[in-house]
Every structure is written in structure tokens, then in C-alpha cells.
Protein chains: 2
Amino acid sequence: MTMISKNQLKLLRALSQKKQRKAHGLFLVEGEKNVLELLETSMVTKHVFATSEFLASHREQLQRVECIEASLEELTKASSLVSNNAAVAVVEIPRTDIPVAEGMMIALDGVSDPGNLGTIIRIADWYGIKHIVASTDCADPYNPKTIRATMGSFSRVQVTLLDLPSYLAQASLPVYGAFLEGENVHKLAFSAEGILLMGSESHGVRPEAAQYVTDKITIPAFGGAESLNVAMATGIILDNFRRQHSDA
Amino acid sequence: MTMISKNQLKLLRALSQKKQRKAHGLFLVEGEKNVLELLETSMVTKHVFATSEFLASHREQLQRVECIEASLEELTKASSLVSNNAAVAVVEIPRTDIPVAEGMMIALDGVSDPGNLGTIIRIADWYGIKHIVASTDCADPYNPKTIRATMGSFSRVQVTLLDLPSYLAQASLPVYGAFLEGENVHKLAFSAEGILLMGSESHGVRPEAAQYVTDKITIPAFGGAESLNVAMATGIILDNFRRQHSDA
């Protein structure tokens, strides 16, 4: 049994910043559920900082990981989570390749809020989508707020930041772009493969990406609200896609 | 032109607490979009605290309201919003009656997060739902975080906290309860009228309310995620309902 050292605490705090994550090649996975999901994956976990209760309850899963015991108070102070936190893991950022454009994918243009990105990763996982490509000004998929909002789904959905217009240009798939004026998703016949392109709530899909849209689509409105949250809209469109293609 | 007085600042701060909102019969509407939506309603606005730019740009809508000019810095300090805030309104909590059970409604059981409640109000408004009934341990619809998340929809959707089991007992409508094991919403034939009953993410629908469910429903999953956020699930189910009943 060891305690969190000053240097470890410094590292934990540093990893809340994107620059530091990049420099170290590491990111944080916080919270009981997320850490347990992490241990089921092939990701390389450097350390797990956790309460004695957490360590005792999950001894088997933690066998091959270096564990550091800490009090709930220490962990909460060290983490970016507001509420109590039983476990924090330090994990290597995996090296990933740019995904081949196939199957159903999501493309995000300028979605800068980490909570929204995390919620989109979670709903993508619900609907069995494996790949999200995102413009380089989207939120960092390794931001602790993103990871937290995924509720464990971060390990099953790969997010790749890249030059989005170039990616869309080379993809030979239909590109479904969400716009306020588009074809009603309740009426649309979706292809079995395609890219669902979502823009930010404030700016929508920007022209550089919008030029590759083959089908403008929209979620019909029935009341007074003028817009939908981008994660909510993504979930509703994926549900409409899956009703037609349950095995794509 | 006046400035925020010490007593006004004290009131603004106090209204972030439920007890104080109840004692004063007042709540806060924060942020440019929400305040502008407010001015279109019949709600009684006591004061609007806003920047000189906001006051100048919306002179006509603000004619019948007492306005107090303040700097962006003062407003941000006075409000519960993290980011800059151009306007804060102090508004009378409207007196409302318990809604008659008719049309499509939403019932919430133990949904205690104000952000989730606000997002549900917003998506209810998108799909033209006018009434939400909620168990008394749900988040306060007049919590500033709830109001903020509604993005203006708070003025078009009435939320009534009440004894939920009693309400469901007297309602002569089908009650659609969201459960992990239920009929697939892609296959279900919805009635034109009904109550959509949603539980909290952690506890689901509790037995006291669940006993009145006439139809257990579920959103089919295709990937690895174990659960959906309650607001996301509400939106997806409402979309499935509206595809069948676009004018209910």
C-alpha cells in the first residue's frame, strides 16, 4: 500500500490540460464505472489510484495494474470530477489509424463542448457505431469531461480528429447532413452505409464540410423550440437510421 | 440608469436556493436567449438586470419592465452562469393548476438533476408536449440550471410537481413506462393520447409509479452501452411517438 506522491498528484492535475496530455501521451479515466470498463479493454493502464474499498472489491480485474491506494478525499482533490471519486486511472493514449469510410459513421464539425462529445460517443455506442471522425477544432476525446460523459463507451467508439473536408472528399459514402431545412427523417430512406454529419449548435455545419453533403436531413419539430442539442439530434437521427438498418 | 444595489444583489444570490425562491415567490431567468423568450410570455417580470448593450438592442420589448443597467462583470458575479451573462430577470413563479390528463404528457419519477429536467423541457417543447408532471423529489423546474438548460422552452411547457402515483391512478390514459425490458419502440403502435413515464438513470421507475404502467417500452440497443441518459431516451421515444401521431 502506497500513497499518492507529490509528483503523481502533479501529473494527475497536469492531465486535465490538453497540452500536457499530448506531451505525456497519457489521459485520465475517472469514476468507478469508467475505470471498470477500462480494465476490460486492451488499453494500456499505467496506474490506478483508488480507495481501499474499490481495490478490495475488484482485486481480480486489477491484478495486472499498478495500484495506489488513496482516500476518497485525496482522489476527489486530484480529479476533475466534482463529486466523490473512488478511482482514477492514468492510461496511454492509444495510437489509431484514420478509419476507412465504411458502414455507418458519424462526422462532427466544430462540436467543441466536451460534454456534448462524450454524450455523442455514448449514444453512438448504444446504436453500434464504431467510428466518429471530427474536425480538429472539436473537443478533445481525451478531455476528462468527455471521458466522464461517455459512461464507459469511450473504449468502444474511436474518435479521430482530422481534416474533415478532406476526409469527406475521399469517402465514397452518402453524407447525411443535419440542417434545419432538409428532408424529414421520418420519411427518408437511409442507405445501409453512410456518414452522419453534425455541426455545432451555434454554427451548424460549415460550408467547407457542407459541400460534401449528399442528403440534407432534418428532425421535424412540432412545438416552439427553435433548436435541438447536437447530442440529442444525433441520437434521434441514429434511432431513425437503425429502425431501417438494424444490422448494418 | 441605476446600478445593482446591495439588496438586489443579495436577492439575486438568494434566488439560486429553492427555499428562498419559495419564500419570495420569485425565480431567475438568466442569459440573453432565455430573457428574450421570457418577454414574449405573460409571466410577470419584476426586474431585468442587463448590460447597456442588451437594454439598447431590445428597448421595445423592455418597455413595460423595470430595467437596471449593470456591467457584464457585475451580472456574471450575480448570476449562477459560469460564462458571461448579458441579462438576468427576476420573475414571479406563476400559479398553475394540476393539468387534466389528456393528450400526450410526460411523467418523471425521481429525475433529480436540474440539467436533465431542463433538457427534457426543451425536447418536450420540440415535440409539442405542453405538460410534464413530476414526483416531488424531481429537480425544481425553477432552479436556474433547469431554466438555463431549457433554452427558452420553460415558458411553453408547464412542469407540475405532485404526488405522482396518485396522479397516475386517476388518469384514464395509457401509461408508457420506459424499462430496459419492454416492447421495442420501433414496433409499438402508440395511442394518440398517453403518458410517457420516465425514471431516473440510477433507480429507474419506482414500484409506486410502475404499478400504473399499461405498456412497458424500450429503445432497442445495438452496441455496448448499457444505458441511455434520461433526457436522451425521452427525446428518442417522443420522436417515435410523433412519427405515428403528428397532430396529437
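No experiment lies behind these values; they were computed from the predicted model shown. (Residues numbered from 1 in each chain as written. Chains lettered and ligands numbered in written order. Predicted model: local features only at pLDDT ≥ 70, side-chain atom pairs only at ≥ 80, totals over all residues.)

### A few points about the overall build of chain A
Scanning chain A for helices and strands turns up 10 helices and 10 strands. Compactness check: chain A gives a C-alpha radius of gyration of 20 Å against a globular reference of 18 Å for 248 residues, within 12% of the reference. In terms of overall dimensions, chain A has a C-alpha envelope of 60 × 35 × 30 Å along the principal axes. Each of the 248 residues in chain A was classed as buried or not, and the buried ones make up 48%. Of the contacts formed within chain A by residues at least 6 apart in sequence, a portion of 76% connects residues at least 24 apart. (Helix = DSSP H or I, 4+ residues; strand = E, 2+ residues; numbered from the N terminus. Rg over C-alpha atoms; globule rule 2.2 N^0.38 Å. Buried ≥ 20, exposed ≤ 12 C-beta atoms within 10 Å, placed from the backbone. Contact = placed C-beta atoms within 7 Å.)

### Considerations on the packing of helix H6 (residues 114-126) of chain B against helix H10 (residues 230-244) of chain B
Residue and element names in this part refer to chain B. Two elements in contact, H6 and H10, have axes whose closest approach is 9 Å; the angle formed by their N-to-C orientations is 15°. Judged on the interaxial angle alone, H10 and H6 are roughly parallel. As H6 runs across H10, the sense of the crossing is right-handed. Across from Asn 116, Thr 119, Ile 120 and Ile 123 in H6, the residues of H10 making contact are Val 230, Ala 231, Thr 234, Gly 235 and Leu 238. (Axes fitted to C-alpha atoms, helices over the stretch in contact; angles between N-to-C directions. Parallel < 35°, antiparallel > 145°, perpendicular 65-115°, else oblique. Left-handed = near helix turned anticlockwise from the far one by under 90°.)

### Brief notes about the interface of chain A and chain B
Taken residue by residue, the interface counts 24 residues in chain A and 25 residues in chain B. Counting residues per element, the ones that place at least two in the side of chain A that touches chain B are helix H6 (114-126) and helix H10 (230-244) of chain A. For the side of chain A that touches chain B, a count of residues per class yields nine nonpolar, nine polar and six charged. (Nonpolar A, V, L, I, M, F, W, Y, C, P; charged D, E, K, R; others polar.)

### Comments concerning the relation of the copies chain A and chain B
The operation relating chain A to chain B is a screw motion whose rotation component is 180°, with 0.0 Å of axial translation and a residual RMSD of 0.0 Å. When the rotation and shift are considered jointly, the pair of chain copies conforms to a two-fold rotation axis. Residue by residue, 100% of the interface of chain A is reproduced at the interface of chain B, so both copies engage with the same surface. (Least-squares fit on C-alpha atoms with pLDDT ≥ 70 in both.)

### Concerning unusual backbone geometry
Residue and element names in this part refer to chain A. Located in the positive-phi region is Met 151, a residue other than glycine, with phi close to 50°. If you trace the backbone, Met 151 turns up in the loop between helix H7 (144-150) and strand E7 (158-162). A tally of 22 C-beta atoms within 10 Å means that Met 151 is categorised as buried.

### Topic: the environment of Thr 119 of chain A
Summarising the element assignment, Thr 119 of chain A is placed in helix H6. When the C-alpha atoms of Thr 119 of chain A and Met 232 of chain A are compared, they prove to be 8.6 Å apart, with 113 residues separating the residues in sequence. With residues up to four places along the chain from it excluded, the contact list for Thr 119 of chain A reads Ala 149 and Ala 231 of chain A together with Asn 229 of chain B.

### Quick look at the sheet that holds strand E10 (residues 215-218) of chain A
All names here are of chain A. Across the sheet, which stays open at both edges, the six strands sit in the order E7-E6-E5-E9-E8-E10 with parallel pairing between neighbours. Edge strands, defined here as strands with exactly one partner in the open sheet, are E7 and E10. If you compare each strand with its neighbour and ignore which way they point, the axes differ by 35° on average. Looking at chain direction, strand E8 (residues 175-184) and E10 are connected through five bridges and run parallel. In the sheet register, Ala 178 faces E10, and the bridge partner there is Ile 217. Lying over the sheet, H6 contacts strand E5 (104-109), strand E6 (131-135) and E7, oriented at roughly 155° with respect to E6. Each of E5, E8, strand E9 (194-199) and E10 is contacted by H10, which is oriented at about 160° to E9, the strand it contacts most. (Pairing = 2+ DSSP bridges.)

### Notes on the sheet that holds strand E2 (residues 45-50) of chain B
All names here are of chain B. Read across the sheet, four strands follow the order E1-E4-E2-E3 without closing on themselves; strand pairing throughout is mixed. The two strands at the open ends of the sheet, each matched to only one other strand, are strand E1 (26-30) and strand E3 (66-69). The sheet shows a mean angle of 20° between the axes of neighbouring strands, taken without regard to direction. Sitting on the sheet, helix H3 (residues 32-39) is in contact with E1, E2 and strand E4 (87-92), with an inclination near 40° to E4.

### Topic: H6 of chain B
Compared with an ideal rise of 1.5 Å per residue, which puts 13 residues at 18 Å, H6 of chain B spans 18 Å between its outermost C-alpha atoms and is within 8% of the ideal. All buried positions along H6 of chain B are accounted for by Pro 114, Asn 116, Leu 117, Gly 118, Thr 119, Ile 120, Ile 121, Arg 122, Ile 123, Ala 124, Asp 125 and Trp 126 of chain B. Residues of H6 of chain B that are buried make contact with H10 of chain A together with strand E5 (104-109), strand E6 (131-135), helix H7 (144-150), strand E7 (158-162) and H10 of chain B. Where H6 of chain B ends, the next residue or the one after it, Gly 128 of chain B, has phi of about 75°, a positive value. (Expected span 1.5 Å × (residues − 1).)

### Concerning the pairing of E1 of chain B
Residues and elements named next belong to chain B. Burial analysis of E1 places five of its five residues in the buried class, which makes it a mostly covered element. Burial along E1 is two-sided: Leu 26, Leu 28 and Glu 30 facing one way and Phe 27 and Val 29 facing the other are all buried. Pairing of E1 with E4 involves five bridges; the strand directions are antiparallel. Along E4, the bridge assignment pairs Glu 30 with Val 88.

### A look at the packing of H10 of chain A against H10 of chain B
In contact at an axis separation of 9 Å, H10 of chain A and H10 of chain B are set at 45° when each is read in the N-to-C sense. Viewed along their axes, H10 of chain A and H10 of chain B adopt a mutual orientation that is oblique. Our pair here, H10 of chain A against H10 of chain B, has a crossing hand that is right-handed. On the side of H10 of chain A, the interface is formed by Met 232, Gly 235, Ile 236 and Asp 239 of chain A, while H10 of chain B contributes Met 232, Gly 235, Ile 236 and Asp 239 of chain B. Grouping the constituent residues of the contact of H10 of chain A with H10 of chain B by class yields four nonpolar, two polar and two charged.

### A look at the pairing of E5 of chain B
All names here are of chain B. Within E5, six of the six residues are buried, which leaves the element mostly enclosed by the surrounding structure. Both faces of E5 are covered, namely the face carrying Met 104, Ile 106 and Leu 108 and the face carrying Met 105, Ala 107 and Asp 109. Relative to strand E9 (residues 194-199), E5 runs parallel, the two sharing six bridges. Paired with Leu 108 across the strands is Met 198, a residue of E9. Summarising the sheet, E5 and E6 pair through three bridges and their orientation is parallel. Paired with Ala 107 across the two strands is Val 133, which belongs to E6. Crossover connection from E5 via H6 to parallel E6: handedness right-handed. (Right-handed = clockwise from strand over helix to strand, strands pointing away.)

Honestly, it's all geometry; don't read function into it.
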